[in-house]
Amino acid sequence: MLPLEMSMRILLVEDDDRFADALTTALRRHGHRVERARSGGEALIAAGAELVLLDLGLPDMDGVDVLRRIRADSQIGIIVTTARGEEAQRVRGLRAGADDYIVKPFGIAELEARIEAVMRRVRSHRHAPAECARVGSLEVDHVRRSVRRDGAEIPLTRKEFDLLATLVRAEGAVVTREGILAEVWRTTWGGATRSLEVHVASLRAKLSEPGLIETVRGIGYRMRKS
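Residues numbered from 1 in each chain as written. Predicted model: local features only at pLDDT ≥ 70, side-chain atom pairs only at ≥ 80, totals over all residues. Heavy atoms only, no water.

- Labelled according to an unreviewed UniProt entry, the protein chain appears under the name Sensory transduction protein RegX3, originating from Streptosporangium album.

**A look at the overall build of the protein chain**
Okay, so step 1: On a plain count of helices and strands, the protein chain comes out with eight helices and twelve strands.
Okay, so step 2: In terms of overall dimensions, the protein chain is globule-like: its C-alpha atoms have a radius of gyration of 18 Å, near the 17 Å expected for 226 residues.
Okay, so step 3: When its C-alpha atoms are laid out on the principal axes, the protein chain stretches across 55 × 35 × 30 Å.
Okay, so step 4: Looking at the protein chain as a whole, 49% of its 226 residues are labelled buried. (Helix = DSSP H or I, 4+ residues; strand = E, 2+ residues; numbered from the N terminus. Rg over C-alpha atoms; globule rule 2.2 N^0.38 Å. Buried < 20%, exposed > 50% of the residue type's maximum accessible area, 1.4 Å probe, protein only.)

**Quick notes on the packing of helix 7 (residues 177-185) against helix 8 (residues 193-207)**
Okay, so step 1: Running from N to C, helix 7 and helix 8 cross one another at 85 degrees; their axes reach a closest spacing of 11 Å. Overall, the two elements helix 7 and helix 8 adopt an arrangement that is roughly perpendicular. Contacts between helix 7 and helix 8 involve R177, I180, L181 and W185 from the first element and T193, S195, L196 and H199 from the second.
Okay, so step 2: Among the residues making up the contact of helix 7 with helix 8, the classes are represented as four nonpolar, three polar and one charged. (Axes fitted to C-alpha atoms, helices over the stretch in contact; angles between N-to-C directions. Parallel < 35°, antiparallel > 145°, perpendicular 65-115°, else oblique. Contact = heavy atoms within 4.5 Å. Nonpolar A, V, L, I, M, F, W, Y, C, P; charged D, E, K, R; others polar.)

**What about the sheet that holds strand 6 (residues 132-135)?**
Okay, so step 1: The four strands are arranged 6-7-8-9 in an open sheet whose pairing can be described as antiparallel. In this open sheet, the two edge strands, each paired with only one partner strand, are strand 6 and strand 9 (152-153).
Okay, so step 2: By the bridge criterion, four bridges tie strand 7 (residues 138-141) to strand 8 (residues 146-149) in an arrangement that is antiparallel. Counterpart to D141 in the pairing with strand 8 is S146. (Pairing = 2+ DSSP bridges.)

**A few points about the domain arrangement of the protein chain**
Okay, so step 1: Annotation of the protein chain at the domain level lists domain 1 (9-123) and domain 2 (132-223).
Okay, so step 2: Of the roughly 1,100 Å² buried where domain 1 meets domain 2, counting both sides, 59% is carbon and sulfur surface.
Okay, so step 3: Counting the contacts that link domain 1 with domain 2 gives one salt bridge.
Okay, so step 4: Between R114 and E178 there is a salt bridge, with its nearest N and O atoms 3.1 Å apart. (Domains from an automatic or database assignment. Buried area = accessible area lost by both parts, 1.4 Å probe. Salt bridge = Lys/Arg side-chain N within 4 Å of Asp/Glu carboxyl O.)

**So, the nonpolar core**
Okay, so step 1: Formed by 28 residues in total, the largest nonpolar core has its most connected members in I180 and L207.
Okay, so step 2: Those elements that place two or more of their residues in this core are strand 6, strand 7, helix 6 (158-169), helix 7, helix 8 and strand 12 (220-223).
Okay, so step 3: It is helix 6 that provides the largest number of residues to this core, a total of six residues.
Okay, so step 4: Sequence-distant contacts of L207, that is, excluding residues within four places in its chain, are made with L138, V147, R149, I154, L164, L212 and I213.
Okay, so step 5: The next biggest cluster of nonpolar side chains, apart from the first, holds 18 residues, and it includes L54, V66, A98 and Y101. (Core = buried A, V, L, I, M, F, W, Y, C linked by side-chain atoms within 4.5 Å.)

**Considering helix 6**
Since there are 3.6 residues in each turn of an α-helix, residues three or four apart along the chain are aligned in direction.
Okay, so step 1: Under the 1.5 Å per step criterion, the end-to-end length of helix 6 is 16 Å for twelve residues, consistent within 8% with the ideal 16 Å.
Okay, so step 2: In terms of residue burial, helix 6 counts as a mostly covered element, since ten of its twelve residues are buried.
Okay, so step 3: Three or more residues of helix 6 are buried, namely K159, E160, F161, D162, L163, L164, A165, T166, L167 and V168.
Okay, so step 4: One or two positions beyond helix 6, positive phi appears at E171, with a value near 55 degrees. (Expected span 1.5 Å × (residues − 1).)

**A look at the environment of G97**
Okay, so step 1: Looking at where G97 falls in the secondary structure, it is placed in the loop between helix 4 (87-95) and strand 5 (100-103).
Okay, so step 2: Sequence separation between G97 and E87 is ten residues; the distance between their C-alpha atoms is 16 Å.
Okay, so step 3: Contact partners of G97, with chain neighbours within four places excluded, come to L67 and R71.

Below is the structure:
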């Protein structure tokens, strides 16, 4: 069961009854309130959700068009949940405004981690980000794009800083590999995962603070909570 602050109202947009029933049951067991829409038309008139789980294969409308229309009116979290695993579909969804993308079949533990990561980012972005953040012994300045320890600057490349800033802004929540690639590398190409791993290793070495960046096996990364 999730803590109260992470329990939320979820709109599930899914036309497959069997899949929707199973997912709704699992999400409710984790403390969420779930409303279901069976079509794009129903999704567009639904109200009050904090997060949308959106299938792209809808019977009445292109799911990407539904995504664009929801995003035009709201900054709520949107995770695309679909059987379409091709890169072109992932790119369309992310460019239309999705916060994350998960391909069926998936486990509830992975989905919960993605929900938590998306909602941490959405909620933090609703407030003006602090110019500086303290993380362990580090001071991260988002405006000057600098990292210091005891007043001494730690030189980072552009991508290393963007990677660090993405994790810092998540405030201890897991950020998925796909989410980092979309935000920092601007791609969903699976081959970029190796570049991500290299940058994480380089960042860890430069920061010289063991355990600060934690690997969440099979999902992504997060900053250690102070």
